[in-house]
Amino acid sequence: MSRFDRLKKNYKGPHFFFFLTIEQLISYIHQNLIQFSMKLTTAFVLSMAMGANAFAPSMPAQTSTALNVAAEPIMSRFDRLKKNYKGPQVVVSSEGLDFSYDDFADAVANTDYSFNRNDVVKGTVVQYENGGCVVDIGAKSSAFLPTQESSLFMPQGATLESLVDLDTEMDFQIISEEDENGQLLVSVRRIQYRQAWEKVIAQQTEDEVFEAEVVAVNRGGAICLVEGLRAFLPGSHLTGQLPTEDLIGQTLALKFLEVNQEDNKLVVSNRRAVVEQQMSNLSRGDIIGGVVKALKPYGAFVEVGGMSGLLHISQISYDRIEDLEKVLQPGQQVKCMIIDHDKVNGRIALSTKTLEPEPGDMLTDSAKVFELAEETAKKYHERMEAERKAREEATKDIVMGLGDSLADLTSDDEGEDPLADVSDNLDSLLS
């Protein structure tokens with residue numbers, strides 16, 4: 001016997017169509033299809049009948065568990081906690097009161113709370129919590145103030161208790177919609193931010209000198225705190241110092257260079273403020289000390305109190321200078337006289353030749369010139385004053401002489417036209 005015949009002979013399970021002949025197989029499939037179609041028809045008829053009965057008016061409405069759950073109202077977090085609470089129940093008597101708890105609930109439900117995003121409302125901090133504090137703003141639920149929204153600037157190590165006081169009424173800005181418990185998020189930082197920009201714009205309009213504290217430094221300069229806003233101080237506009245860690249905590253005089261609220265950009269200058277303050281106290285003829293910073297073919301730049309003044313080569317000495325480096329050196333302490341200044345642009349023109357006791361002393365003995373600078377400057381001013389008076393007297397004499405000449409001419413030819421002869425001569429020439 002073949003392997004298939006042995007398996008067929010020893011098989012004890014149900015017999016399927018693969019043991020049937022072709023004719024038996026076709027008959028089996030035909031009978032089963034008829035039975036399956038009858039079962040399907042019966043099931044369809046029953047389902048249609050049940051569906052019709054469900055919509056019949058005489059039968060009570062039957063709903064499933066899922067429908068019952070969907071029909072229940074949505075419960076708030078408080079209602080769910082109240083429903084699941086299994087602890088002791090406290091019975092509170094409402095005797096002696098002119099309203100009940102139901103009346104209070106109805107009053108709360110009928111009250112219109114018009115709190116919208118970005119509204120500014122009055123509120124009081126009633127409790128500190130982890131990550132913020134609870135604020136009473138008169139709504140159904142207390143509002144919440146996050147720590148990061150409690151102040152425009154938070155110093156290192158500052159706590160929420162040091163920034164916001166309990167039981168103190170202040171302004172808060174609503175920054176969110178109500179959550180499922182009716183709670184709103186509020187902010188103090190955004191109100192302070194808006195007020196700070198208003199003050200900064202007003203200061204820029206007045207263009208006055210103000211003071212600010214340095215809170216950080218970087219390679220390009222320093223960061224100053226102006227009305228709670230971070231302003232950038234470029235290193236090139238820092239007078240007499242470098243942007244190092246030693247600068248942190250210092251208070252500097254500043255003026256605005258750029259104010260752009262849209263880009264949240266503030267740029268300030270210490271040099272401009274210092275120049276303006278010092279220029280207001282300077283005048284022509286003053287003697288000031290400085291340090292030579294750089295030499296150029298046309299002169300030397302001298303730093304005077306944080307300002308850069310030009311000592312032109314023609315103003316160094318009355319004698320001709322062939323080599324400037326033999327007269328001045330970078331880093332040398334000098335004394336100069338202010339001969340001109342531009343307060344708007346912070347420019348100063350300096351001179352040392354006006355301080356020379358004798359012409360050429362800057363080339364032979366500059367130390368003597370600086371030592372006698374005040375005395376020489378006094379003599380220079382006296383000489384200039386004498387020359388000014390002499391020029392005034394000379395001008396006065398000229399004017400008086402012209403006046404006398406005109407008076408003599410008028411008295412000699414009184415009643416006659418002094419230009420008559422000239423007119424006759426012209427007429428004769430023309431004829």
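Residues numbered from 1 in each chain as written. Predicted model: local features only at pLDDT ≥ 70, side-chain atom pairs only at ≥ 80, totals over all residues. Heavy atoms only, no water.

(A) Representation of the layout of surface pockets in the model. Volume-wise, the second largest pocket comes out at about 290 Å³. Every residue lining the second largest pocket is listed: Phe-78, Leu-81, Lys-82, Tyr-85, Gln-89, Val-90 and Val-91. Per-class residue counts for the lining of the second largest pocket are five nonpolar, one polar and one charged. (1 Å grid on protein atoms, 1.4 Å probe; cavity = no way out; pocket = protein on both sides within 12 Å on 5 of 7 lines; lining within 4 Å. Points joined across faces, edges and corners; volume = space filled by probe spheres on them. Nonpolar A, V, L, I, M, F, W, Y, C, P; charged D, E, K, R; others polar.)

(B) Here's a closer look at the sheet that holds strand E2 (residues 132-136). Pairing in this open sheet of five strands is antiparallel, and the strands run E3-E2-E1-E4-E5 from one edge to the other. The open sheet is flanked by strand E3 (143-146) and strand E5 (186-187), the only strands paired with a single partner. In this sheet, E3 lies alongside E2 in antiparallel orientation, the contact comprising four bridges. Among the inter-strand pairings, Gly-132 is bridged to a residue of E3, identified as Pro-146. Across the sheet, helix H7 (residues 189-206) is in contact with strand E1 (120-129), strand E4 (169-174) and E5; its angle to E4 comes to roughly 95 degrees. (Pairing = 2+ DSSP bridges. Helix = DSSP H or I, 4+ residues; strand = E, 2+ residues; numbered from the N terminus. Contact = heavy atoms within 4.5 Å. Axes fitted to C-alpha atoms, helices over the stretch in contact; angles between N-to-C directions.)

(C) Structural context of the pattern of salt bridges. Taken as a whole, this structure holds 15 salt bridges when the rule is applied. Among the ionic pairs, Glu-177 bridges to Arg-117, the shortest N-O distance being 3.8 Å. On the criterion of sequence distance, the pair formed by Glu-177 in the loop between E4 and E5 and Arg-117 in the loop between helix H5 (101-110) and E1 is long-range, its members being 60 residues apart. Residues Lys-293 and Glu-303 are paired through a salt bridge, measuring 3.4 Å at the closest nitrogen-oxygen approach. With Lys-293 in strand E11 (residues 287-296) and Glu-303 in strand E12 (residues 299-304), this residue pair connects regions lying ten residues apart in the sequence. Classification of Glu-303 by relative accessible area gives partly exposed; the value is 27%. In the salt-bridge network here, residues are joined through shared partners; they are Glu-149, Arg-189 and Arg-190. (Salt bridge = Lys/Arg side-chain N within 4 Å of Asp/Glu carboxyl O. Buried < 20%, exposed > 50% of the residue type's maximum accessible area, 1.4 Å probe, protein only.)

(D) Quick look at the nonpolar core. Residues Ile-316, Leu-328 and Leu-350 are the most contacted members of the largest nonpolar core, which totals 28 residues. Of all the secondary structure elements, the ones that give two or more residues to this core are helix H8 (270-279), E11, E12, strand E13 (307-312), strand E14 (333-342), strand E15 (347-351), helix H10 (366-371) and helix H11 (373-412). Element by element, the count of residues in this core is highest for E14, at four residues. If we skip the residues at most four places from it in the chain, Leu-350 touches Ile-288, Val-302, Val-304, Gly-309, Leu-310, Leu-311, His-312, Gln-315, Cys-336, Met-337, Ile-338 and Ile-339. (Core = buried A, V, L, I, M, F, W, Y, C linked by side-chain atoms within 4.5 Å.)

(E) Molecular detail of a nonpolar patch on the surface. Residues Leu-97, Phe-99 and Phe-104 make up a contiguous nonpolar surface patch of roughly 330 Å² in combined accessible area. Positionally, Phe-99 belongs in the loop between helix H4 (77-84) and H5. By relative accessible area, which is 42% here, Phe-99 ends up partly exposed. (Patch = residues over 30% accessible without salt bridge, like charges linked within 9 Å, V, L, I, M, F, W, Y side chains within 5 Å. Areas by Shrake-Rupley, 256 points an atom, 1.4 Å probe, with all protein chains shown as cover.)

Purely geometric numbers; function is a separate question.
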